[in-house]
Amino acid sequence: MIGPSLQASRGAHKRAVRGLHQRLDPGLTLTVLALVSLGLVMVASASIGVADAQLGQPFHYLLRQGIFVLMGGIVAWGMYCTPLELWERSGAVALLGIFLLLLLVLVPGVGHTVNGATRWISLGLFNLQVSEVVKLLVPIYLAGYLVRHGEQVRRSLAGFAKPLILMGLTTLLLLAQPDFGAAVVLLAVTLGMLFLAGARLWQFALLLSGVCALMGFAIVQTPYRMARLTGFLNPWTDPFDSGFQLTQSLIAIGSGSWFGVGLGGSVQKLFYLPEAHNDFLFAVLAEELGLAGVTVVALLFAVLVWRSFAIARAAELAGRAFGAYLAWGIGIWIGLQAFINMGVNMGILPTKGLTLPLMSYGGSSMLVTLAAMGLLARVHRETRASGAALHRGET
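Let me sum up the structure you'll find in this document. (Residues numbered from 1 in each chain as written. Predicted model: local features only at pLDDT ≥ 70, side-chain atom pairs only at ≥ 80, totals over all residues. Heavy atoms only, no water.)

1. Structural notes on the side chain of threonine 369
Phase 1: When you line up the elements, threonine 369 lands in helix α14 (residues 363-394).
Phase 2: A relative accessible area of 2% places threonine 369 in the buried class.
Phase 3: Here threonine 369 is in contact with Trp333, Ile334, Pro357 and Leu358, once residues within four sequence places are set aside. (Helix = DSSP H or I, 4+ residues; strand = E, 2+ residues; numbered from the N terminus. Buried < 20%, exposed > 50% of the residue type's maximum accessible area, 1.4 Å probe, protein only. Contact = heavy atoms within 4.5 Å.)

See the structure below:
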């Protein structure tokens with residue numbers, strides 16, 4: 001027979017587990033921890049040679065990435081502790097922040113230019129990539145707009161068009177940097193959130209056709225984008241110039257075979273593959289960990305998107321529309337950006353300057369993505385809390 005003290009201990013343990021499950025989604029939490037941990041390992045492996053040669057400090061990028069992860073964890077905790085009601089009321093502030101950041105980075109002397117692109121604002125310790133912050137502000141603004149004007153979006157063309165006009169202006173400012181990859185992601189997030197909000201199918205199809213036409217025009221009118229497109233179609237025609245980065249990425253991925261050459265054993269990261277610890281981290285991972293490692297990473301991102309959508313669905317059923325739209329927007333953003341990054345590394349999509357979320361080196365990306373994870377956790381917490389309150393009211 002189990003003693004009273006043991007029964008009390010087991011009961012307390014079960015209550016603690018239930019309380020933790022109400023506060024944090026286990027699938028989301030474990031997946032984020034796995035991606036961040038694997039990312040730190042791969043950043044160390046991919047950057048050690050370059051950091052040693054350029055800076056004399058083999059673990060320079062790893063240490064900086066570790067600091068970004070710690071800072072991102074603090075930001076995520078802050079987002080988790082902030083009630084969603086506050087974010088829902090801050091739509092005007094979010095919209096102002098979007099345009100202020102995108103205009104500020106274009107001001108001479110303020111924006112920081114790297115390789116011909118002006119996408120960063122120097123903050124001293126690191127350069128803030130404004131498009132990363134905008135990726136979080138856009139879902140926050142759109143979620144609030146869809147809560148306030150959902151009926152107009154579903155019933156009238158004007159309600160459907162208003163957010164698109166604002167997102168069109170955002171896209172133009174992103175193209176002025178230029179940042180074509182971020183523009184594609186944000187347009188896809190906008191379209192996805194409007195579709196999930198119940199926009200009419202003919203409006204959605206018409207708009208999608210228009211967006212594709214405009215993107216095609218933007219590609220044709222800009223020589224460097226056209227070069228990227230043609231280089232993506234057949235990088236081996238110019239493997240030492242326009243196709244150099246992609247051919248080196250394909251060599252790395254092809255060298256990985258089933259189980260890779262072993263952690264730290266990549267050859268392509270040794271001054272052959274540019275941005276090996278950043279945009280092309282996935283190629284180094286594929287070379288060192290092989291198809292097995294690639295499959296694990298793809299599954300982890302699939303789980304992350306699944307949990308985002310599951311949290312969104314639970315919030316919708318609980319009548320928490322803002323949380324539902326916000327979780328859907330974040331899920332679309334992270335899933336699409338991960339797909340594009342992996343697709344670029346494998347040569348199935350044109351080259352774009354998009355990081356692999358939660359894994360690639362970069363302070364702006366890590367801070368903002370972890371902040372988004374904190375928001376997702378907050379949506380889960382408030383949804384479970386409202387469900388528990390409803391259950392207590394019924395009983």
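Having seen it, we continue.
2. Notes on the layout of surface pockets
Regions of empty space are outlined by a rolling probe, equal in size to a water molecule, passed over the atoms.
Phase 1: Here the largest pocket defines a volume of roughly 1,100 Å³.
Phase 2: Val114, Asn115, Trp120, Glu275 and Asn278 are the residues nearest the centre of the largest pocket, which is lined by 33 residues in total.
Phase 3: Looking at the lining of the largest pocket, the elements with two or more residues in it are α3 (60-81), β1 (111-114), β2 (117-122), β3 (127-129), α10 (223-233) and α14.
Phase 4: Taken together, the residues that form the lining of the largest pocket break down as 11 nonpolar, 15 polar and seven charged.
Phase 5: When its volume is computed, the second largest pocket comes out at roughly 420 Å³.
Phase 6: What lines the second largest pocket is a set of 17 residues, and nearest its centre among them are Thr29, Val32, Leu33, Ala76 and Leu370.
Phase 7: Elements represented by at least two residues in the lining of the second largest pocket include exactly α2 (26-55), α3 and α14.
Phase 8: The element best represented in the lining of the second largest pocket is α2, accounting for seven residues.
Phase 9: Among the residues forming the lining of the second largest pocket, the class breakdown is 13 nonpolar, four polar and no charged. (1 Å grid on protein atoms, 1.4 Å probe; cavity = no way out; pocket = protein on both sides within 12 Å on 5 of 7 lines; lining within 4 Å. Points joined across faces, edges and corners; volume = space filled by probe spheres on them. Nonpolar A, V, L, I, M, F, W, Y, C, P; charged D, E, K, R; others polar.)

3. Considering the packing of α2 against helix α12 (residues 281-317)
Phase 1: As a packed pair, α2 and α12 sit with axes 10 Å apart at the nearest point and diverge in direction by 155°. When the axis of α2 is compared with that of α12, the two are roughly antiparallel. The handedness of the crossing between α2 and α12 comes out as left-handed. Taking contact as the criterion, the partners of Gly27, Leu28, Thr31, Val32, Ala34, Leu35, Leu38, Met42, Val43, Ser45 and Ala46 in α2 are, on α12, Leu281, Val284, Leu285, Glu288, Leu289, Val297, Leu300, Phe301, Val303, Leu304, Arg307 and Ile311.
Phase 2: Considering only residue class, the contact of α2 with α12 consists of 18 nonpolar, three polar and two charged. (Axes fitted to C-alpha atoms, helices over the stretch in contact; angles between N-to-C directions. Parallel < 35°, antiparallel > 145°, perpendicular 65-115°, else oblique. Left-handed = near helix turned anticlockwise from the far one by under 90°.)

Spatial relationships are all this shows, so hold off on functional conclusions.
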